[in-house]
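# Geometric and topological summary
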Amino acid sequence: MAVVKCAIELGIAEVVESHEGPVTISELSSALGCSQSSLYRIMRFLVHRKFFKEDHNTNQGSIGYVQTPMSRLLLRTGEKSMAAFVLLESSPVMLAPWHATNPAHSKLINDAMACDARVAVAAIMDGCPDLFNGMDSLVDVGGGDGTTLRLLVKACPWIRGINFDLPHVVSEAPACDGIEHIRGDMFVSVPKADAMLLMWVLHDWGDDECINVLRKCKEAIPKDKGKVIIIEGVVEEEEEDKLKYVRLMLDMVMMAHTNTGKERTSKEWIHLLIEAGFSRYTIKRIKAVQSIY
């Protein structure tokens, strides 16, 4: 709903409608006066949801966008326009009854991440049962309330877990055998251990911040056997992938909730790893929204 509202407010359908032939992302960006990279991510989502359609028959020989019956409903004028209805239903006044009066937002985030951890850890252990073999210590960077580590230590009791997050987050984390809670800032330094785990952390940040964190993690592990494990989504996978929509939806969430965060393609993830100084990496798909790097 929020992405469709954004498309209406930007006037994307109007630009595509008025253009002779498919409109490229550069032409669309120029006409709307907005960031080309952000607009591309919005169009990628809307194309996947069949609001617009990609067309290769442009004057520049690149991919362009054309209208569909769905996108024409987003035009602000016309007998079949649904723009005003969408704007009404997505307005703050209409959405207010759905929101809690005084949400404990930090706890809500931790609880939400814990829900995801219970699904993801099971998929990790099922898809990569040997991932943690030979590992004595593991730091969960940005580990929240420690749910992920509790599940991992239970499955791999030989691991000494270190839950690392900001002071106000760690202060709420419950005590657990086999896990030490450490307060700190991942942009400054990371506790030393055999391996680092980053799950749903890097997608909150831009490339420069991610590279910085990855370098800190690389410095904190042994050079001979150290391991940095990244659990994140990878967009632009095969079309028949049933979770592709979820990853594209999460990209829109990152655009709305963060300044520079985003879901990344495999090429974008590899770029971060190389820039951070990693020469070897593997990518493992699991039965979850995330993949393992």
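Within every chain, residues take consecutive numbers counted from 1 along the sequence as written. In keeping with the predicted nature of the model, local features appear solely for residues at pLDDT of at least 70, side-chain atom pairs appear and are counted solely at 80 or more, and the whole-chain, interface and lining totals rest on all residues. For side-chain calculations, the full set of non-hydrogen atoms in the structure is used, while hydrogens and water are omitted.

## Quick notes on the nonpolar core
In this text, buried Ala, Val, Leu, Ile, Met, Phe, Trp, Tyr and Cys residues form a nonpolar core when linked through side-chain atoms within 4.5 Å. Residue burial is assigned from relative accessible area. The probe radius is 1.4 Å, only protein chains are included, and a residue is buried under 20% of its type maximum, exposed over 50%, and partly exposed in between. Membership of the largest hydrophobic core comes to 28 residues, with the highest contact counts inside it found for Ile12, Leu28, Met43, Leu46 and Phe52. The element that contributes the greatest number of residues to this core is helix H4 (residues 36-48), accounting for 6 residues. For this core, the domains that each give at least three residues are domain 1 (1-98) and domain 2 (104-292). By definition in these notes, contact holds between two residues if any of their heavy atoms fall within 4.5 Å. With residues up to four places along the chain from it excluded, the contact list for Leu28 reads Ile12, Val15, Val16, Val23, Leu39 and Met43. Counting from the N terminus, the helices are the DSSP runs of H or I reaching at least four residues and the strands are the DSSP runs of E reaching at least two. Throughout the structure description, domain borders are defined by an automatic or database domain assignment.

## Side note on the packing of aromatic side chains
In this scheme Phe, Tyr and Trp rings, the latter by its six-membered ring, pair at centre separations within 6.5 Å, and the angle between planes marks the pair as stacked below 30 degrees, edge-to-face above 60, and tilted otherwise. If you walk through the whole model with that rule in mind, you get 3 aromatic pairs. Both rings, one in Phe45 and one in Tyr245, keep their centres 6.0 Å apart while their planes meet at 35°; by these two values the pair is tilted. Within this pair, whereas Phe45 is found in helix H4, its partner Tyr245 is found in helix H12 (residues 244-257), the two being separated by 200 residues in sequence. Given a relative accessible area of 9%, Phe45 falls into the buried group. Their ring planes at 80° and their centres at 4.8 Å tell us that Phe187 and Trp205 sit as a pair that is edge-to-face.

## Quick word on a nonpolar patch on the surface
Candidates for patches are residues over 30% relative accessible area with no salt bridge; among them, like charges are joined within 9 Å and nonpolar side chains (Val, Leu, Ile, Met, Phe, Trp, Tyr) within 5 Å. To measure how exposed things are, a 1.4 Å probe is used in the Shrake-Rupley method; for residues, cover is taken only from the protein chains shown. Take a side-chain nitrogen of Lys or Arg and a carboxyl oxygen of Asp or Glu: if they are within 4 Å of each other, that pair is a salt bridge. A cluster of nonpolar side chains, contributed by Leu88, Val93 and Met94, occupies part of the molecular surface with about 280 Å² of accessible area. Overall, the relative accessible area of 68% leaves Val93 in the exposed class.

## Section: the environment of Ser91
Mapped onto the fold, Ser91 is located in the loop between helix H6 (83-89) and helix H7 (92-95). Placed 86 residues apart in sequence, Ser91 and Lys5 show a C-alpha to C-alpha distance of 9.2 Å.

## Focus: the sheet that holds strand E2 (residues 52-55)
The strands that make up a sheet are held in pairs by hydrogen bonds between backbone atoms, and each pair lies either parallel or antiparallel. By definition, two strands form a pair when at least two bridges between them are found by DSSP. Spatially, the 3 strands line up as an open sheet ordered E1-E3-E2, and their pairing is antiparallel. With partners counted over all chains shown, the strands left at the sheet margins are strand E1 (23-24) and E2, one partner each. Only C-alpha atoms enter the line fits that serve as axes; for helices the fit covers just the stretch in contact. Angles between N-to-C directions range over 0 to 180 degrees. In this fold H4 packs onto E2 and strand E3 (64-67), with an angle of close to 105° to the strand it touches most, E2.

## Some thoughts on the pattern of salt bridges
The tally for this structure, following the rule as stated, stands at 5 salt bridges. The salt bridge partner of Asp251 is Arg44, with a shortest N-O separation of 3.1 Å. One end of the pair, Asp251, is in helix H12; the other, Arg44, is in helix H4, with 207 residues separating them in the sequence. According to the relative accessible area criterion, Asp251 is buried, its value standing at 1%. Taking the shortest distance from any N to any O, the salt bridge between Glu268 and Lys262 comes out at 3.3 Å. When its relative accessible area of 28% is taken as the criterion, Glu268 is described as partly exposed. Overall, Lys262 belongs to the buried group, its relative accessible area being 19%. Each of Arg41, Arg44 and Asp251 takes part in a single network of salt bridges with overlapping partners.

## Thoughts on helix H11 (residues 207-220)
One less than the residue count of a helix, multiplied by 1.5 Å, gives the span that helix is expected to have. With 14 residues, H11 extends 20 Å between its outermost C-alpha atoms, agreeing within 8% with the 20 Å of an ideal straight helix rising 1.5 Å per residue. For H11, the complete set of buried residues consists of Cys210, Ile211, Val213, Leu214, Cys217 and Ala220. Contacts made by the buried residues of H11 are with strand E4 (137-141), strand E7 (195-199), strand E8 (227-235), strand E9 (264-265) and helix H13 (266-275).

## As for the pairing of E3
When E1 meets E3, the two strands line up antiparallel, connected through 2 bridges. Considered in E3, the bridge of Thr24 is made with Gly64.

## Some thoughts on the state of the cysteines
Should the sulfur atoms of two cysteines be covalently bonded, the bond is a disulfide. By definition, disulfides here are pairs of cysteine sulfur atoms that lie within 2.5 Å. Throughout the structure, instances matching the rule amount to 0 disulfides. In this structure Cys34 is a free cysteine whose sulfur lies 7.8 Å from that of Cys6, the closest cysteine sulfur available.

## Here's the deal with the UniProt feature "domain: O-methyltransferase dimerisation" (unreviewed entry) in the chain
Annotation from UniProt places "domain: O-methyltransferase dimerisation" (unreviewed entry) at residues 2-76. Across residues 2-76, the secondary structure splits into 55% helix and 13% strand, with the terminal C-alpha atoms separated by 16 Å. UniProt positions are given in the numbering used here, feature names are shortened, and annotations may be inferred rather than shown by experiment.

## Thoughts on the domain arrangement of the chain
Per the domain assignment, the segments making up the chain are domain 1 (1-98) and domain 2 (104-292). The centre of domain 1, based on its C-alpha atoms, is set 33 Å off from the matching centre of domain 2. Contacts between domain 1 and domain 2 engage 9 residues on the former and 14 residues on the latter. When two components associate, each loses some accessible surface as probed by a 1.4 Å sphere; the sum of these losses over both components is called the buried area. Here domain 1 meets domain 2 over a buried area of about 990 Å², counting both sides, of which 65% is carbon and sulfur. Taken as a group, Arg41, Arg44 and His48 account for 60% of the area that domain 1 buries against domain 2, more than any other trio of residues on that side. Summed over the shared surface of domain 1 and domain 2, the number is 2 salt bridges. Under this definition, polar contacts are N or O atom pairs within 3.5 Å; protein pairs additionally need one hydrogen-donor-capable and one acceptor-capable atom, and for neighbouring residues in sequence, both atoms have to be side-chain atoms. Linking domain 1 to domain 2 there are 3 residue pairs in polar contact (both at pLDDT 80 or more). Top element by residues in the side of domain 1 that touches domain 2 is H4. It accounts for 7 residues. Its residues assigned to classes, the side of domain 1 that touches domain 2 comprises 4 nonpolar, 2 polar and 3 charged. Each residue is assigned to one of three groups, with Ala, Val, Leu, Ile, Met, Phe, Trp, Tyr, Cys and Pro labelled nonpolar, Asp, Glu, Lys and Arg labelled charged, and all others, Gly among them, labelled polar.

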